[in-house]
Structures are given as structure tokens and as C-alpha cells.
Amino acid sequence: MTFIRLLRLTEQGIKAIRNQQTAMTEVKELIEGNGGKLLGSWFTQGDYDIISIIECDDDKTMRTISA
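Residues numbered from 1 in each chain as written. Predicted model: local features only at pLDDT ≥ 70, side-chain atom pairs only at ≥ 80, totals over all residues. Heavy atoms only, no water.

J.: It is not clear to me how the packing of aromatic side chains should be interpreted in this structure. Could you clarify?
T.: Centre distance and the angle of the planes are the two values used to describe a pair of aromatic rings. Applying the stated criterion across every chain yields a total of 0 aromatic pairs. A cation over a ring is seen here: Arg-8 above Tyr-48, with NZ or CZ 4.6 Å from the ring centre. (Phe/Tyr/Trp six-rings, centres within 6.5 Å; stacked < 30°, edge-to-face > 60°. Lys NZ or Arg CZ within 6 Å of the ring centre and 35° of its normal.)

J.: Help me out: how do you make sense of the sheet that holds strand β3 (residues 50-55) in this one?
T.: Sheets are built from strands that pair by backbone hydrogen bonding, the pairs being arranged parallel or antiparallel. The strand order β1-β3-β2 describes an open sheet built from 3 strands, whose pairing is antiparallel. Every interior strand has two partners, whereas the edge strands, β1 (2-7) and β2 (37-43), have only one. In this sheet, neighbouring strand axes are inclined to one another by 15 degrees on average, regardless of whether the strands run parallel or antiparallel. Both β2 and β3 contribute to a ladder of 6 bridges, which runs antiparallel. The residue bridging Leu-38 from the neighbouring strand is Ile-54, located in β3. Helix α2 (residues 23-33) contacts β2 and β3 of the sheet and is inclined by roughly 150 degrees relative to β2. Of the strands in this sheet, β1 and β3 touch helix α3 (residues 59-66), which is tilted by about 20 degrees from β1. (Pairing = 2+ DSSP bridges. Helix = DSSP H or I, 4+ residues; strand = E, 2+ residues; numbered from the N terminus. Axes fitted to C-alpha atoms, helices over the stretch in contact; angles between N-to-C directions. Contact = heavy atoms within 4.5 Å.)

J.: Just checking my understanding: could you explain a negative patch on the surface for this structure?
T.: Among the surface-exposed residues, Glu-55, Asp-57, Asp-58 and Asp-59 lie close enough to one another that they form a single negatively charged patch. Within the secondary structure layout, Asp-57 lies in the loop between β3 and α3. Overall, the relative accessible area of 68% leaves Asp-57 in the exposed class. (Patch = residues over 30% accessible without salt bridge, like charges linked within 9 Å, V, L, I, M, F, W, Y side chains within 5 Å. Areas by Shrake-Rupley, 256 points an atom, 1.4 Å probe, with all protein chains shown as cover. Salt bridge = Lys/Arg side-chain N within 4 Å of Asp/Glu carboxyl O. Lys, Arg positive; Asp, Glu negative; His and termini not counted. Charge placed at Lys NZ, Arg CZ, Asp CG, Glu CD. Buried < 20%, exposed > 50% of the residue type's maximum accessible area, 1.4 Å probe, protein only.)

J.: What is the right way to read the side chain of Arg-5 from this model?
T.: For Arg-5, the location among the structural elements is in strand β1. It turns out Arg-5 is buried and unbridged, and the closest side chain with the opposite charge, Asp-49, is 12 Å from it. Leaving out residues up to four positions away in the same chain, Arg-5 has contacts with Ile-50, Ile-51, Ser-52, Ile-54, Met-62, Ile-65 and Ser-66.

Shape descriptors only; they carry no functional weight alone.
In C-alpha cells:
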């Protein structure tokens, strides 16, 4: 199954991403460690800060990743 994940970052989250090149690598590792696959992530303008496309076997896996 393929999921679209819309994220809003706090000011602290934005600073962490700006200050760490490894932040997105850590997110990818977290997703893959829970049984998913990060197909892509994009920074956006507007209501959401990041859109990610994630592939998982089922809804339960995606809920685990989202928690």
C-alpha cells in the first residue's frame, strides 16, 4: 500500500532540519526500521511543511510509523 503523509513542523523541528543534514536520513531509517519504505519527501509551502510518500504492507505498519 502507498500512503501520502502530510507533516507540519514545529519551530524546533524546522531548526533541527536546518541544523542537521542527517535529519532526513534518520527519518528514512526510522520508517525502514518499522517495515516501510520512504519513496520520497518534499518540502512545501502552505499548510504543510513536508509531504512524504511511504510504502507499507498494511495500515498497522503505517500507524506504527506515524506514532
